[in-house]
Amino acid sequence: MERKIMKKLHAWRNSPRRKPLIVTGARQVGKTYSALTFGREHYKNTIYFSLEDSREIQAVFDRDLKPDRIIRELSAYSGQSIFPGDTLIIFDEIQACERALTALKYFCENAPEYHIIAAGSLLGVAMNREQYSFPVGKVDMLTLYPLDFEEFLMATGNIPLVELIKESYADFSPMSLHDTAMDLYKTYLVVGGMPQAVFDYISTKDFNFVVAAQKNINDAYIADMAKYATPQETTKIMAAWASIPAQLSKENRKFQYKVIKSGARAYEYETPLDWLKFAGIIHKCVRVKEGKMPLTAYADNESFKVYMMDTGLLCSKFGISASVVLNSAPVFDGFKGALAENYICQSLVANGFIPFYWSSPGKAELDFVFQNTEGNIIPLEGKSADNVRSKSLKQYMLLYKPEYAVRVSAKNFGFEGGIKSIPLYALFCWVS
């Protein structure tokens with residue numbers, strides 16, 4: 001599967017200011033696979049070390065953090081020569097060894113000629129819990145997310161369709177294969193972007209295999225909760241995690257602690273939610289009181305929505321069958337909007353945006369607002385169907401007079417009345 005992170009890895013390799021690279025992201029999004037593939041394609045040899053599985057490798061960093069000695073011992077352990085600039089060194093699950101993380105600082109300062117990629121699935125969790133000494137300013141950082149819809153189209157052999165979508169996006173002209181693209185978007189909602197689920201879909205076209213892969217991933221996340229948290233913390237993390245489908249099924253998707261457990265309070269579950277966020281398996285979308293720059297200055301951190309990082313995992317967790325989504329069954333109407341919102345949120349995050357939502361003191365509420373690279377605040381309304389009437393978007397535009405607004409829906413491309421209409425399947429084109 002072709003991943004867009006490969007272009008970023010290539011730019012990192014060729015940068016004159018290259019530092020050791022840390023690739024973060026949730027478990028099983030493809031960090032290790034991407035690093036190994038990149039090493040195979042661009043280096044003379046690649047040496048891989050899992051810091052989670054080997055105490056012997058961790059012991060290499062115990063004595064001191066001198067790069068020359070570490071390189072000699074890693075070379076001896078692997079039985080391979082390590083060539084500056086020609087060997088890619090991969091440290092997997094670096095959160096399992098704090099000393100290895102600290103060592104990256106010394107590689108940056110004293111041995112920049114060595115090319116190092118470190119991957120960490122639960123690095124945010126480990127740093128938050130153990131107060132790691134992070135090598136600030138001494139490493140480059142990339143975050144890998146599940147395959148977005150563009151990557152899904154490429155993986156499923158629909159590269160010509162990607163080009164057609166991009167052409168229509170360039171001038172907001174109607175896309176001729178709109179219905180075809182919408183059908184594939186529905187398939188993506190069910191399969192999601194976890195590499196194993198996508199691979200099983202491509203290999204079998206059987207959604208039973210897809211669901212099995214998704215359930216295994218969800219189970220792995222639960223195992224991590226038990227492994228990297230105390231028993232008391234684990235119980236609360238799992239309760240918060242289990243409540244997400246119910247949170248999204250409400251008409252007002254604002255996160256409510258009482259949905260987790262009757263009488264639950266914020267102070268009990270703030271840390272469990274942070275755990276899920278640091279693990280990369282949820283996205284928090286915080287309310288802003290004003291649509292003004294900078295959005296963070298107007299954030300109301302007490303009011304937020306929580307979305308899962310992948311629609312496929314959400315469908316699996318909810319027990320939503322593929323046929324219901326693909327056929328737009330009436331029984332699905334109540335949750336269709338929530339699934340579309342989740343898709344929009346994960347797409348914005350993957351494209352480099354920090355999404356917020358806006359609500360007025362009255363009843364008006366807008367799904368998303370975000371700041372683009374020019375500093376403009378962009379309002380975005382999401383619709384799962386082609387019924388696009390909305391008083392909230394009009395009210396926002398009257399109040400703040402944005403340069404333009406965005407409406408993401410099942411309608412084809414268009415630009416009218418200061419509103420750019422983007423089909424749901426084309427959101428990957430909108431990059432920061």
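Being a predicted model, the structure only gives us computed values, none of them experimental.

(A) View of the sheet that holds strand β7 (residues 299-308). Read across the sheet, eight strands follow the order β7-β6-β8-β9-β10-β11-β13-β12 without closing on themselves; strand pairing throughout is mixed. Edge positions in the sheet fall to β7 and β12 (414-416), since each of these pairs with one other strand and no more. Neighbouring strand axes in the sheet, compared pairwise and without regard to direction, differ in orientation by 30° on average. The strands touched by helix α12 (residues 231-249) within the sheet are β6 (282-288) and β7, with β7 carrying the most contacts at an inclination of about 100°.

(B) Geometry of empty space enclosed by the protein. By the definition in use, this model includes three cavities of 30 Å³ or more. Quantified by volume, the largest cavity comes out at close to 120 Å³. Lining of the largest cavity is provided by 15 residues; of these, Asp 148, Tyr 188, Gln 346, Ser 347 and Ala 350 occupy positions nearest its centre. The element best represented in the lining of the largest cavity is helix α17 (residues 333-350), accounting for four residues. Of the residues belonging to the lining of the largest cavity, the class tally is ten nonpolar, four polar and one charged. Size it by volume and the second largest cavity reaches roughly 40 Å³. Residues that form the lining of the second largest cavity fall into these classes: six nonpolar, one polar and two charged.

(C) Region of interest: unusual backbone geometry. Cis geometry is adopted by the peptide bond preceding Pro 294, which originates at Met 293 and carries an omega value of -5°. Among the structural elements, Pro 294 can be located in the loop between β6 and β7. Of note, Lys 401 is a non-glycine position whose phi angle comes to about 45°, a positive value. Tracing the backbone through its elements, the reader meets Lys 401 in the loop between α18 (391-400) and β11 (405-409).

(D) Expanded view of the packing of aromatic side chains. Summed over the entire model, instances satisfying the criterion amount to 29 aromatic pairs. Ring centres 5.4 Å apart and planes at 65° place the aromatic pair Phe 152 and Tyr 188 in the edge-to-face group. You can see Phe 152 sitting in helix α7 (residues 149-155) and its partner Tyr 188 sitting in helix α9 (residues 178-191), a full 36 residues away along the chain. Centre to centre, the rings of Phe 370 and Trp 430 are 6.4 Å apart; their planes meet at 80°, and the pair counts as edge-to-face. Taken as a pair, Phe 370 in strand β9 (residues 365-371) and Trp 430 in the segment after β13 (419-423) lie far apart in primary sequence, 60 residues in all. What links up through ring pairs into an aromatic cluster is the set Tyr 169, Phe 172, Phe 353, Phe 370, Tyr 404, Phe 413, Phe 415, Tyr 425 and Trp 430. Here the guanidinium or amino end of Arg 13 rests over the ring plane of Tyr 43, the centre of that ring lying 4.5 Å away. The ring of Tyr 201 has Lys 205 lying over it, and the distance from NZ or CZ to the ring centre is 5.2 Å.

(E) Spatial organisation of the nonpolar core. Of all hydrophobic cores here, the largest spans 121 residues; its most connected members are Phe 149, Ile 165, Tyr 221, Trp 275, Leu 276, Tyr 425 and Trp 430. Ignoring sequence-local partners within four residues, the contact set of Ile 165 consists of Leu 153, Met 175, Ala 181, Phe 413, Tyr 425, Ala 426, Phe 428 and Cys 429. If you look at the next biggest cluster of nonpolar residues, it comprises 27 residues, including Ile 22, Leu 65, Ile 71 and Leu 101.

(F) Here's a closer look at the pattern of salt bridges. Under the defined criterion, the tally for this structure stands at 18 salt bridges. Across the pair Glu 52 and Arg 27 runs a salt bridge, and its minimum N-O distance is 3.1 Å. Taken as a pair, Glu 52 in the loop between β2 (45-50) and α3 (55-59) and Arg 27 in the loop between β1 (21-24) and α2 (31-42) lie far apart in primary sequence, 25 residues in all. Residue Arg 27 is classed as buried on the basis of its relative accessible area of 13%. Residue Glu 381 is joined to Arg 407 by a salt bridge in which the shortest nitrogen-to-oxygen separation is 2.7 Å.

(G) Spatial organisation of the environment of Pro 231. Mapped onto the elements of the fold, Pro 231 is located in helix α12. With 223 residues separating them in the primary sequence, Pro 231 and Lys 8 have C-alpha atoms 39 Å apart.

(H) The arrangement of the confidence of the model for the protein chain in detail. Predicted confidence across the protein chain gives a mean pLDDT of 92, with 96% of residues reaching 70 or more. Mean pLDDT values over the elements of the protein chain span from 63, in helix α6 (residues 123-130), up to 98, in α7.

(I) Summary view of the sheet that holds strand β4 (residues 115-120). Taken together, five strands build an open sheet; the order of strands is β2-β3-β4-β1-β5 and the sheet is parallel. Strand pairing shows two members of the sheet lacking a second neighbour, β2 and β5 (140-143), which therefore form its edges. For this sheet, the mean angle separating the axes of adjacent strands, direction not counted, is 20°. As paired elements, strand β3 (residues 87-92) and β4 share four bridges and run parallel to each other. Looking at the pairing, Ile 89 lines up with Ile 116 of β4. This element, helix α1 (residues 5-14), spans β1, β3, β4 and β5 of the sheet and lies at about 140° to β4. Here α2 sits on the sheet and contacts β1, β2, β3 and β4; the angle it forms with β3, its principal contact strand, is near 170°.

(J) Broad picture of the side chain of Glu 150. Note on placement: Glu 150 falls in helix α7. Residues in contact with Glu 150, not counting those within four places in the same chain, are Lys 4, Val 162, Lys 166 and Phe 428.

Definitions and limits used
- Residues numbered from 1 in each chain as written.
- Predicted model: local features only at pLDDT ≥ 70, side-chain atom pairs only at ≥ 80, totals over all residues.
- Heavy atoms only, no water.
- Pairing = 2+ DSSP bridges.
- Helix = DSSP H or I, 4+ residues; strand = E, 2+ residues; numbered from the N terminus.
- Axes fitted to C-alpha atoms, helices over the stretch in contact; angles between N-to-C directions.
- Contact = heavy atoms within 4.5 Å.
- 1 Å grid on protein atoms, 1.4 Å probe; cavity = no way out; pocket = protein on both sides within 12 Å on 5 of 7 lines; lining within 4 Å.
- Points joined across faces, edges and corners; volume = space filled by probe spheres on them.
- Nonpolar A, V, L, I, M, F, W, Y, C, P; charged D, E, K, R; others polar.
- Phe/Tyr/Trp six-rings, centres within 6.5 Å; stacked < 30°, edge-to-face > 60°.
- Lys NZ or Arg CZ within 6 Å of the ring centre and 35° of its normal.
- Core = buried A, V, L, I, M, F, W, Y, C linked by side-chain atoms within 4.5 Å.
- Buried < 20%, exposed > 50% of the residue type's maximum accessible area, 1.4 Å probe, protein only.
- Salt bridge = Lys/Arg side-chain N within 4 Å of Asp/Glu carboxyl O.
- pLDDT = per-residue confidence, 0-100.

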